Structure formats: C-alpha cells, structure tokens
Amino acid sequence: MDAGIPKESETIASKRSKRLAEKIGRSGVSGVVFRSWKNNRFTETFAVVILLIVNLYSIYPFFGTSASDAFFSGPVIPILAKAFVILSGHSFSNSVQIINIVFFLGFPISLYLFIRSITDRKLISVLAVSIASLTTYPFAETRISTSLLGVDAAHIASLTIIPIALIGLLNFVKRGGVNNLMIAVVFAALVALTSPFGFLTYAIFAGIISFSELLLGGGRLKLARFLTILIVSGGLTSFWYNPSFFFWMIIGPLGENIRFTVSKLFPITFFTLPLLGAFGYLMFDRKPTLQPLFIASFFSITYAIISLAGGGIFPSHPSRYVPEFGVSMSLILSIVIVKLSDFIKLDERISLAKTTRSVFSNTFLVLVFFLLGFSIVSERSKFEMEKKDVLGVWDEVEKGEIWESREKFSGGHSVWGYSVTGLTIIGLGVLVRNSKKRM
C-alpha cells in the first residue's frame, strides 16, 4: 500500500536538483562556480580603499586646521572630541576638526555598504560613492563646506551613521530578528544623539525604504516592525531628549523652522504625495527587482521637493537639505549608468557582435570613472586654504539652541527620560537573552 507514496524527503525541488546534477555530470561540466575578478573580495576591498584615498585627497588641506564655531545639539561629537583632547593633548577645536574628518572619511564606507545591500551590485555601489565624492555641488562640496568649513558638522557626521542604521532597518523590516533590531535601533539612536536634524533625515529615508518593502507584501507586519524601530530608538534617546522636552521642541519656538518648511511643503505634497503613492504602487508593486530604482528615485524626488521648500537646491539659494539631495542623486545616477552599460552589453537588439558590445560597455564605464576621477582631482584646489588656529567636559562646547533649551527640562523631566531609556535597555536585554535561549 505504501509503495507508491513518496517519502517526505522526496520533494519536487529535491527531484529537480537531482536531475540537474545528473545533467551536469553527463555534460562533464564542473559544478564549481568561479567568481569573476570583478566580484571577488580582493577587487571589492581594493575599490573601497581607492575611494577612501580619493576622499582623503579631497580633504587633505584641512588636516591640522581647527573647526569652525559649530553648535551642537547632541552629545556624540563633543564627547568624542573631549576624549581625543584627553588622549592627545590637542585643543578642543582641533579635536572637533579631527572627529569631523574621521566621520567624513567614514561616509564612503557606510554609503558603499548601504547601496550594496539594496542593489546587490558592487559596480553600482562603487559608482555611487564615486559620484558622491565629487568635489562639486551638490555632492562632496556641500558636505565639506557644511562640515569642515561651516557650522553644521553634526548634521554631516550623522550622514555617516545613517546608512548603517538603514541597513539594520531594511534587514529587520524584511526578515525580523533580534540582531537586526539591535543594529537598527542602536544606530538610529546614535543618529539622534549626533544630530536631531540628522534623525529627521533618517526618518525620511527609513520611511521610503519601509514603503518599498510594503509594496512587496506583508504590509502589516513590516509596518509594525518599522514603528517598533522608531519607538525603541526613541526610548534609547529619552535620557537626552526627554519626552516633555521632545514635545516642547516640536510645538515650541525651536520647531519654528520645521513648521515653516512643513507649511511650504504642504501645498506641494497635497498634490504630489497621492500621485507618487499611486505611481509607486502601479510601477513597483510586487516587483523586488525594481526596489533599488524605487528607493533611488523616491529619495531624489523627496529631497528635491524638500530642498526647494527649505531654501532651494541651487548654489545661489543654499538649503540645509542639499547634502541629502546629492547623496540621493549619486544613487540614481549610478543605477542609470550601470543599467545603460548592461543594455549596451546584453541587449540583442543592438546589431553588433557580443564581444564588441562588451568592449563598448566596458569602455563606457572606464570613461565614466576617468571623468569622475579627473573632476575630483581638478576641483580640489578650491579647498586649498591656510591653516588656522582657534582657541570642563561641556565648557568648550558651543551649545546650540536645542542643547540650551534642553537644560531647562531638568529635574523630574530628566528623571522621566532616564527611566524610559533604562526600561528600553532592560527590554532589549530580555529580548536578546530570550533569543539566545531559543537558539
């Protein structure tokens, strides 16, 4: 009776795999897969090192200089700078500039890891970081002038942390898991403690990425995971931005700039948001291969709109949001360029031999990278400058409005904030312990 009943291990997939193995064996083709030299670990490491050297070359004139009189709302950069003062003996201003340089040099690595995680293409990642490293507007020039020459260093430093936080968010929203949750909330909290404005940027990026995941299915669960990250990361930062101060910061005088930008955005988004939502649903619903294009295009559209509402995306009308716009443009430009290269190489409608198409495709990419490198080298001269010397833990810190206003919410408000952070840490610890027990 049981002779005709297949065993539990005899699945369709296992039978298909067995037949495929038999065919490969009969053909004499080895089952070992050799990676192309373009995709091996050495080439990837070499490309990232070159990108670091390029960025190091761009900001070399700032070595040995002092930071501008920047104002800080979060404690991360002042604490790091103060620690460097104690360890090295440098002045606080010099130490802040060193920390700014370290964050600037860390940005290509974190951006590369993020783009590789969403595109799964090393070439797109390298090209995007190369474009973002251009010392022209609105790319690296805006980050250099804002951080190493300007007073918004914390905002630019947060851009280095945001890609890692977004990797954790994408993995947790997509797959769940305590480890992914920990990465997502810890790095999101670090963004907020570096720059509250940076956390606003993170929230916008995170919302777009989460929306792209909702379009792929499992909407309720993924939305709940996204909200969990925001709530838990808010709990981790409550010791600094206690709840009473946070709400006052939104509705009080400090929120005037945000409310002004929102008031300018509302008429635009009233018409564009439904259109963009419908466009995203119709074009990208249940299409995981198009997710990178969705993320890149919505990043660019969103920050183009925000930059225009916040002051303009053109150099004559500077906006605080332009660095994010430059990062978004680097992503979408890299995707378009690589897709064009793939089209030249793979599309059979082009009446050329396959090897000829491959040569044209590779030549096109080499030319693009050559032009990018030439632009970076030729444009660095604008940052040549003479070295300048600028003369307690917080005594040397230029406290911004947010920091100064926060100090008014001490006492019971501060105790409440520390309690929320403590409970959040305890909750995360319980989650980690329980997950290890299940393993």
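- Taking an unreviewed UniProt entry as the reference, the protein chain is identified by name as Glycosyltransferase RgtA/B/C/D-like domain-containing protein belonging to Candidatus Woesebacteria bacterium RIFCSPLOWO2_01_FULL_39_25.

**A look at the packing of aromatic side chains**
For any two aromatic rings, the description comes down to two numbers: the centre-to-centre distance and the angle of the planes.
Alright, step 1. Inspection of every chain in the model, using the stated rule, returns eight aromatic pairs.
Alright, step 2. Aromatic pair Phe197 and Tyr321: ring centres 5.3 Å apart, planes at 50°, arrangement tilted. Of this pair, Phe197 sits in helix H9 (residues 196–214) while Tyr321 sits in the loop between helix H13 (291–310) and helix H14 (322–346), and the two are 124 residues apart along the sequence. In this pair, the class of Phe197 matches that of Tyr321, namely buried.
Alright, step 3. Where Phe211 meets Phe294, the ring centres are 5.7 Å apart and the plane angle is 55°; that geometry is what we call tilted. Of this pair, Phe211 sits in helix H9 while Phe294 sits in helix H13, and the two are 83 residues apart along the sequence.
Alright, step 4. When its relative accessible area of 1% is taken as the criterion, Phe294 is described as buried.
Alright, step 5. Taken together, the aromatic side chains of Phe205, Phe299 and Tyr303 make up a single cluster linked through ring pairs.

**A word on unusual backbone geometry**
When glycine is set aside, most residues are seen to have a negative phi, and most peptide bonds are trans.
Alright, step 1. Cis geometry is found at the peptide bond from Tyr137 to Pro138, where omega equals 5°.
Alright, step 2. With respect to the helices and strands, the residue Pro138 is situated in the loop between helix H5 (122–132) and helix H6 (140–147).
Alright, step 3. The residue Asp120 is not glycine, and still its phi comes out positive at about 60°.
Alright, step 4. Tracing the backbone through its elements, the reader meets Asp120 in the loop between helix H4 (92–119) and H5.

Conventions used here
- Residues numbered from 1 in each chain as written.
- Predicted model: local features only at pLDDT ≥ 70, side-chain atom pairs only at ≥ 80, totals over all residues.
- Heavy atoms only, no water.
- Phe/Tyr/Trp six-rings, centres within 6.5 Å; stacked < 30°, edge-to-face > 60°.
- Helix = DSSP H or I, 4+ residues; strand = E, 2+ residues; numbered from the N terminus.
- Buried < 20%, exposed > 50% of the residue type's maximum accessible area, 1.4 Å probe, protein only.

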